[in-house]
Each structure stands twice: as structure tokens, then as C-alpha cells.
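Structural description and commentary
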Amino acid sequence: AATAALALVIIIQEWGYDVSGLVAGLGLGGLAFSLAAKDTVENLFGFTTIVGDQPFMVGEFIKISDVEGTVEHVGIRSTRIRQPDQSYVTVPNSKLASAPVLNWSRLSKRWYNVTLRVTYDARRNDLTQLMEGIRAMLNEQEQVESGSVLVNFINFGDHGFEILVRCYIHLADWNAFTAEKEIINLEIMGIFE
């Protein structure tokens, strides 16, 4: 194609026409075409990155910058994501390939992380009993990862003593995790009482 274009320019020049305007026009046309094709090429490379690295697949729940939801389609140019409010977002593959992707579907466990605040009228013995009770309760929970339980008095806060409670829960499903978290929270309330 390039050889044919060069031959055409030489023939036109041999006929006595000034080809400098034609060559300049073709150069500008080529520049305009390459700028227009830039996004398409970036999205195509983004698609190959997504297919090759597989940071997510159709059906998985992901989050990138300000978009989160279930991946419904991965195309050559873009990926379509259904958000929890059921809005449908089309994200260019070039953006997905260059952004950090948080894939919630590939979790094996979730992190329970709470800071409890106990009023300053509590005594040292009260705090000690409270922490021991929470530790024992968490270690008895079937879904809590043994060895991951952390219950410590960490700070004198603005509104009371602060106790950090952390552990891993072996439930990747969001609904199951929140149900287990509710059970643990109610158990902690019972220990407080």
C-alpha cells in the first residue's frame, strides 16, 4: 500500500503537478487517523491485558476507582459492569488495564475489624474481663480463623478507652459474612452487658 502511494505521487509529479500540497494533506490525514485510532488501539491492548492476566472474569464482583459491581461482559473495546443499584456502567478497557482492580469475588476470608470504645468510668479489671471474654468468644466461633484473633486495649480516646478487635472470618460471600458479623456483634454486646 505504501509502495502504491509512493508510485502514485511520482506519476503525478511526472505529469507536472505540484505534489507538495497532496503529500502535506496525506500527512495531516494520517496524523488525524492515527490520533482517532489511538483510543481504539489502547482499548485493544487493554483487552489483551484483561484476557491474558485475568484480573477478573464475567460474574465476579470488582471495584475500580469509582465503579464497583458485577462484570457482565468483557468486549474488545470496553467492559460492562452492573452496579449494586442496578446501573449499567461501560468502562473502556484501557482504563481497566491501567487501574488497580479490587476483585471481591476472589476472597477466601474476610477481615473483621472493629474499635470498641468503653467509657472512662470503667475500671482496669472491667477492661481486662471484657477483653478476655471477647477473645474467648471469638476463639469459639466456628467461622473465625484460629490464630487470627486480636483483642487489645490500644488507646485513650477522646470519648473513652479504645479496644481493637480483629480476626479473619472464613466466609467470602458478603451476605454470609455480614450475618456472621452480626452474630459476633451481638455476642460482644452480651459480654458488655
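Relevant structure appears above.
Residues numbered from 1 in each chain as written. Predicted model: local features only at pLDDT ≥ 70, side-chain atom pairs only at ≥ 80, totals over all residues. Heavy atoms only, no water.

**What about the sheet that holds strand β4 (residues 88-92)?**
We apply this condition: Should DSSP find at least two bridges between two strands, the strands are taken to pair. Per the convention used, a helix needs a DSSP run of H or I reaching at least four residues, while a strand needs a run of E reaching at least two, with both numbered from the N terminus.
Spatial strand order, β4-β3-β2-β1-β5: 5 strands in an open sheet with antiparallel pairing. Looking at the sheet topology across the chains shown, the edges are occupied by β4 and β5 (102-103). Pairing between strand β1 (residues 61-64) and strand β2 (residues 67-74): 4 bridges, direction antiparallel. Across the sheet, the residue bridging to Ile64 is Val67, located in β2.

**As for the packing of helix α4 (residues 124-140) against helix α5 (residues 174-192)**
Any two packed helices are characterised by the angle at which their axes cross and by the distance between the axes. Put simply, the rule reads: To obtain each axis, a line is fitted to C-alpha atoms, and for helices this fit is confined to the stretch in contact; angles are then taken between N-to-C directions over 0 to 180 degrees. Working rule for handedness: look at the near helix, and if it is turned counterclockwise from the far one by less than a right angle, call the crossing left-handed; if clockwise, right-handed. The contact criterion used throughout is that any non-hydrogen atoms of two residues lie within 4.5 Å. When residues are grouped by polarity, Ala, Val, Leu, Ile, Met, Phe, Trp, Tyr, Cys and Pro land in nonpolar, Asp, Glu, Lys and Arg in charged, and all others, Gly among them, in polar.
Following both chains from N to C, one finds α4 and α5 inclined at 150 degrees, their axes separated by 10 Å at the closest point. Read as a crossing pair, α4 and α5 show a hand that is right-handed. Where α4 approaches α5, its residues Leu130, Gly133, Ile134, Met137 and Leu138 are matched on the opposing element by Ile184, Glu187, Ile188, Ile191 and Phe192. Considered class by class, the residues forming the contact of α4 with α5 number 8 nonpolar, 1 polar and 1 charged.

**A closer look at α4**
To keep things clear, this is the line we draw: Here, expected helix span is obtained from the residue count minus one, scaled by 1.5 Å. Only protein chains enter the accessibility calculation, which uses a 1.4 Å probe. A residue is then buried if its area is under 20% of the maximum for its type, exposed if over 50%, and partly exposed in between. Here the arc refers to the set of directions running from the helix axis out to each C-beta atom.
Given a rise of 1.5 Å per residue, 17 residues ought to cover 24 Å, and the 25 Å separating the end C-alpha atoms of α4 matches this to within 8%. Those residues of α4 not exposed but buried are Leu127, Leu130, Met131, Ile134, Met137 and Leu138. The buried residues of α4 occupy an angular sector of 130 degrees when projected down its axis, which confines them to one face. Among the exposed residues of α4, those oriented more than 90 degrees off its buried face are Arg124, Asn139 and Glu140. Those residues of α4 hidden inside the fold are in contact with β6 (110-118), β7 (150-156), β8 (161-169) and α5.

**Description of α5**
Side chains that are three or four residues apart share a direction in an α-helix, a result of its 3.6 residues per turn. Short version of the rule: As used in this structure description, the phrase polar contact means that two N or O atoms lie within 3.5 Å; if the pair is within protein, one of them must be able to donate a hydrogen and the other to accept it, and residues adjacent in sequence are counted only when both atoms belong to side chains.
Compared with an ideal rise of 1.5 Å per residue, which puts 19 residues at 27 Å, α5 spans 27 Å between its outermost C-alpha atoms and is within 8% of the ideal. For α5, every residue scored as buried is listed here: Phe177, Glu180, Ile184 and Ile188. An end-on view of α5 places all buried positions within 85 degrees of arc, on one side of the element. Within α5, the exposed residues directed more than 90 degrees away from the buried face are Asn175, Glu182 and Leu186. Close packing links the buried residues of α5 with β6, α4 and β8. Capping the start of α5, Asp173 holds a side-chain oxygen 3.2 Å from the backbone nitrogen of Asn175, two or three residues further along.

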